[in-house]
Structure formats: C-alpha cells, structure tokens
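Structural description and commentary
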Amino acid sequence: MKKLALVLFVLVSTVSFAQEGVSMKRTTTLTISEVPPTWPGCDGSINQKNNCFRQKLANHVVRGFKFPAGHKSGTRVVVDMIINTKGRPEIKGMEGGSKELQAEIKRKIMSMPDVKPGHSGGTPEVRKYKLPFTF
C-alpha cells in the first residue's frame, strides 16, 4: 500500500509539474469584410462589384448626357461624392469644367437608381468616391 501511495504521489507531482508553465490561450480571429455599394445587377467578388459599380455609373452618366452650349472637348471634371447608408448619392463637391457642365453631371448622378449601400459586417456604411470624368 505504501508503494502504491508513493507511485501515485510521484505520478501526481510529475503531472502537476509538467502542467506548470503551460498556457492554454485560445485565440479567435474575426474577419469583417467590407462590401462596396452594389449597383442593381452587379454581383461576384468585392473587386467585381467595385468595377461593375464604376462602369454602370459611368454608363449611366454618359447615356442621355446633354452637353451645354460652348462645351470644349477634353474638359475634365472631378466629382467628390458619397453613397450614403440608404444607397443614395450625395455630391460633396466638383472641380473643373463650367457650372453648366457640373450641373449636368450632378443631374445625371442624382438620377441614378438606388443601390445596395456598402457595408462592413452587415452594418451599412457611407462610402466615398472621387470620380474623374473627361468629356
């Protein structure tokens, strides 16, 4: 019986010492994907959605565009805009071109269809865009 107790003591103390200094840390990696605003009919990867959005917006602006009188070819206009959390555009500023050309660009952008807003982890977020147009 003394031998059994001694063997158990040695086993328990060895196990106790062997566990000392061992850390059982558990790490969890959380990945939140940022999804851009999505134009109706655009799907695929995030890059595909981004490219499709820009292409559809450019096509939308060009289709039915009414050039103002006196327009000069090669005029560049840069539009600062956001797509808000409801999927609607808001123009924050424009640079270049005449006021009439800027007004026509604004008219076309504001007439775009509602898009699915960008989101991060399922929460809608504002997305900023700086779009150059050369007419």
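The following paragraphs examine the structure supplied in this document.

1. Here's the deal with the nonpolar core
- F53, L57, V79, M81 and I105 are the most contacted members of the largest nonpolar core, which has 21 residues in total.
- Contributing elements (two or more residues each) for this core: α2 (46-62), β2 (76-83), α3 (99-110) and β6 (127-134).
- Excluding anything up to four places from it in sequence, I105 contacts F65, V77, V79, M94 and F135.

2. Here's the deal with the environment of V62
- For V62, the position within the fold is in helix α2.
- Between the C-alpha atoms of V62 and F135, which are 73 residues apart in sequence, the distance is 9.2 Å.

3. Thoughts on α3
- End to end, α3 covers 16 Å across 12 residues, agreeing with the expected 16 Å (1.5 Å per residue, within 8%).
- Within α3, the full set of buried residues consists of L101, Q102, E104, I105, K108 and I109. Looking down the long axis of α3, one finds its buried residues gathered within 160 degrees of arc, a one-sided arrangement.
- On the buried face of α3, the contacting elements are α2, β2, β3 (89-95) and β6.

4. Concerning the pairing of β6
- Of the two faces of β6, only the one carrying R127, Y129, L131 and F133 is buried; K128, K130, P132 and T134 on the other face are not.
- Two strands pair when backbone bridges link them, and β2 and β6 are joined in this way by eight bridges, in the antiparallel orientation. Along β6, the bridge assignment pairs V78 with P132.

5. Considerations on α2
- In a regular helix each residue adds 1.5 Å, so 17 residues correspond to 24 Å; α2 covers 24 Å between its end C-alpha atoms and thus fits that length.
- Where α2 is concerned, the buried positions are K49, C52, F53, L57, H60 and V61. Within α2, the buried residues cover an arc of 160 degrees as seen down the axis, which keeps them to one side. In α2, the exposed residues that point more than 90 degrees away from the buried face are N47, N51, Q55 and V62.
- Of the surrounding secondary structure, the elements contacted by the buried residues of α2 are β1 (34-35), β2, α3 and β6.
- Looking one or two residues past α2, G64 carries a phi angle of roughly 75 degrees, positive in sign.

6. Side note on the pattern of salt bridges
- Counted by the stated rule, this structure contains five salt bridges.
- For E90, the salt bridge is made with K92, and the minimal N-O distance between the two is 3.3 Å.
- R127 serves as the salt-bridge partner of E125, at 2.9 Å between the closest nitrogen and oxygen.
- Taking the relative accessible area as the measure of exposure, E125 reaches 29% and is therefore partly exposed.

7. Quick word on the sheet that holds β2
- With antiparallel pairing, the three strands of this open sheet are ordered in space as β3-β2-β6. Both edges of this open sheet fall to β3 and β6, since each of them pairs with a single strand only. Here the average twist between neighbouring strands, direction ignored, is 25 degrees.
- Across the face of the sheet, α3 comes into contact with β2, β3 and β6 while running at roughly 160 degrees to β3.

Each value, and the rule that gives it
Residues numbered from 1 in each chain as written. Predicted model: local features only at pLDDT ≥ 70, side-chain atom pairs only at ≥ 80, totals over all residues. Heavy atoms only, no water. Core = buried A, V, L, I, M, F, W, Y, C linked by side-chain atoms within 4.5 Å. Buried < 20%, exposed > 50% of the residue type's maximum accessible area, 1.4 Å probe, protein only. Helix = DSSP H or I, 4+ residues; strand = E, 2+ residues; numbered from the N terminus. Contact = heavy atoms within 4.5 Å. Expected span 1.5 Å × (residues − 1). Arc of directions from axis to C-beta. Pairing = 2+ DSSP bridges. Salt bridge = Lys/Arg side-chain N within 4 Å of Asp/Glu carboxyl O. Axes fitted to C-alpha atoms, helices over the stretch in contact; angles between N-to-C directions.

Treat this as a map of the structure, not an account of what it does.
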